[in-house]
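As a plain string of letters, each chain reads:
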2 protein chains.
Amino acid sequence: MFACPITRRPPNMKSNRKESAAADLKRRVLTLECPPGMPLDEVELAQRYGLSRTPLREILQRLAGEGYLTAATNRGASVTSMDLATMRNFFQSAPMIYAAIARLATEQATPSGIVSLKKIQKKFTASVKKHDAGEMSLQNHHFHAQLGEMANSPYLAPSLERLLIDHTRMSHRFYRMSQPPSVTRINQACAQHDAMIAAIERGDPAATVAETIDHWELSRAEMDKYVIPDALPFDDFAHSTNQQV
Amino acid sequence: MFACPITRRPPNMKSNRKESAAADLKRRVLTLECPPGMPLDEVELAQRYGLSRTPLREILQRLAGEGYLTAATNRGASVTSMDLATMRNFFQSAPMIYAAIARLATEQATPSGIVSLKKIQKKFTASVKKHDAGEMSLQNHHFHAQLGEMANSPYLAPSLERLLIDHTRMSHRFYRMSQPPSVTRINQACAQHDAMIAAIERGDPAATVAETIDHWELSRAEMDKYVIPDALPFDDFAHSTNQQV
DNA sequence: TGTATGCATATTGTATTCAATATGGCAAAC
DNA sequence: GTTTGCCATATTGAATACAATATGCATACA
């Protein structure tokens, strides 16, 4: 359907242990179930997914290529770490790539691509209503990954994927918060998704880009708070317990 | 030295058959010795590089992740093809990424990074004087890959790498031409490299970006000619034999 | 007590073997 | 004459067995 040089295309829909193992590993990395820097034991993972070390090692290689893991010779694989040095780069590069992807996705959108995007957005909305933080985070990831597929750019896609990995991991705590202010902002983000879909449908690249910038600014503000959180209230310690730093 | 999440770091300098095999495969792809779309035989490659299929398959996975190869389940790996559909994307995306990398490389350049860049440029200049087309192409690739390393951006690096793969393959014929006009342009490109190094050394990002844009325009013009070559001279067929389309 | 060295153990890397899937040719039927 | 199904062969995928390398601890020496 879409060009995708990395992921292998399953020729049939038979039970694919290898694919599902890779997908589960990705999920665990994105949801911080496997935190940054965590070393991965080959034999443990092989047992967990019911396959031998050989195919599992090939999965690790692939995920390393996609940026989820980092491989070191004779020292195994570990979850790619998120040091502060690269954070600066993240905030520098993300808007440019996101905007470019938004434009290309609008210009090159196909009907089936829009249908997929709407399906994902539906799941995202549902998870927002259910207050399912993990699912929100994952569906938001899928939404933006789908935009990447619709942009149909083999050159920008790999950068987008790497940005999304860290974006999802950083904003994870954002979705976990269920205080009123965060709920409002999550609804805002959800509405922005809808606006992006609408702009794509009417073929208005400038609007999609504008919505994308707004969406980014909202997310960036939240991440700023995570990196540099609000000071704990020093006049009322009772309130500080909910202020998830 | 520099962060590099994909490529495995050899902990010692012992003879590393696996690494050298991967490097040679990359070289063969970049120099079109393995043309786009060429299927790769696992057993043949394993024999060629003197290792068994297991480690060779891991190399193929990695190179697929980096964009050199494309893997299809149960159907083996093949050299990533260059269809005209993606070419459009290439010309759209390349200037943006190249400019961003040029800026970051200037801002984050380290003394050792500049030293490496100069070494590569020295090799490039030498290959230009020796009219060694293959070496020119490879060293030009290394030059820009080194700029990518100096930019030190794990998010933009993967896109730059993919762009460079196809850029190197597309401009390969450019370097093979030894007619006076092309020689002039190759010298121009070489001078632009020098100008970029100078701009980086005096910490002038705007200048590096400007030189990068010029460099891109020069290269783009050449590639345009390859995609839409000059009409063959219809008044003098003797000259047409050298006009490598 | 602090450091260095050697061994035992654990983990990773590679080769070989076996199983699953795809490919191409042949034959039979329409 | 063309097409379709089947079988033989080739190629890929996975598992086991084995080799190489790294890690941690214990011991010896300064």
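For the structure itself, consult the block above.
Rules and cut-offs
- Residues numbered from 1 in each chain as written.
- Chains lettered and ligands numbered in written order.
- Predicted model: local features only at pLDDT ≥ 70, side-chain atom pairs only at ≥ 80, totals over all residues.
- Heavy atoms only, no water.
- Contact = heavy atoms within 4.5 Å.
- Buried area = accessible area lost by both parts, 1.4 Å probe.
- Salt bridge = Lys/Arg side-chain N within 4 Å of Asp/Glu carboxyl O.
- Polar contact = N/O pair within 3.5 Å; in protein donor to acceptor, adjacent residues only side chain to side chain.
- Helix = DSSP H or I, 4+ residues; strand = E, 2+ residues; numbered from the N terminus.
- Pairing = 2+ DSSP bridges.
- Buried < 20%, exposed > 50% of the residue type's maximum accessible area, 1.4 Å probe, protein only.
- Least-squares fit on C-alpha atoms with pLDDT ≥ 70 in both.

A.B. asks: Whenever I open this one, the interface of chain B and chain A confuses me. Can you help?
C.D. replies: A common way to state how big an interface is: give the accessible area lost once the parts meet. Contacts between the two partners involve 43 residues from chain B, matched on the other side by 43 residues from chain A. Buried surface at the junction of chain B and chain A, both sides included, amounts to about 3900 Å², of which 51% is carbon and sulfur. For the interface between chain B and chain A, the tally reads two salt bridges. Linking Glu58 of chain B and Arg57 of chain A is a salt bridge whose minimum nitrogen-to-oxygen distance equals 2.9 Å. For the interface between chain B and chain A, the tally reads 13 residue pairs in polar contact (both at pLDDT 80 or more). If you list the elements that add at least two residues to the side of chain B that touches chain A, you get α3 (53–66), β2 (69–72), α4 (84–108) and α7 (157–170) of chain B.

A.B. asks: Please explain the sheet that holds strand β3 (residues 76–79) of chain B as it appears in this structure.
C.D. replies: The pairing of strands in a sheet happens through backbone hydrogen bonds and is either parallel or antiparallel. Residues and elements named next belong to chain B. Strand order in the open sheet formed by three strands is β1-β3-β2, with antiparallel pairing between adjacent strands. Both outer strands of the open sheet, β1 (39–40) and β2, are each paired with one neighbouring strand and no more. Here four bridges tie β2 to β3, and the two strands are oriented antiparallel to one another. Counted as the bridge partner of Ala72 is Gly76 from β3.

A.B. asks: Would you take a moment to explain the pairing of β2 of chain B for this structure?
C.D. replies: Remark: a regular strand shows side chains that alternate across the two faces of the sheet. Burial of β2 of chain B is two-sided: the residues Leu69 and Ala71 of chain B facing one way and the residues Thr70 and Ala72 of chain B facing the other way are all buried. Between β2 of chain B and β3 of chain B, which pair antiparallel and follow one another directly, the connecting turn spans three residues, one of which, Asn74 of chain B, has a positive phi of 65 degrees.

A.B. asks: In this structure, what is going on with the relation of the copies chain B and chain A? I would like to understand it.
C.D. replies: For the pair of chain copies, the relating transformation is a rotation about an axis with a translation along it. It takes a turn of 180 degrees to lay chain B on chain A, together with a shift of 0.0 Å along the axis; the resulting RMSD is 0.0 Å. Taken together, the rotation and translation describe the operation of a two-fold axis. Taking the C-alpha atom as reference, chain B places Gly65 of chain B closest to the rotation axis, 2.4 Å from it. Both copies contact each other with a shared surface, as 100% of the interface residues of chain B are interface residues in chain A too.

A.B. asks: Is there a simple way to think about the environment of Ala99 of chain A in this case?
C.D. replies: Residues and elements named next belong to chain A. Position of Ala99 relative to the elements: it lies in helix α4 (residues 84–108). In this structure Ala99 comes out as buried when scored by relative accessible area, which is 18%. Linking Ala99 and Ile213, residues 114 residues apart in sequence, is a C-alpha distance of 6.9 Å. Excluding its chain neighbours within four sequence positions, the residues that come into contact with Ala99 are Val209, Thr212 and Ile213.

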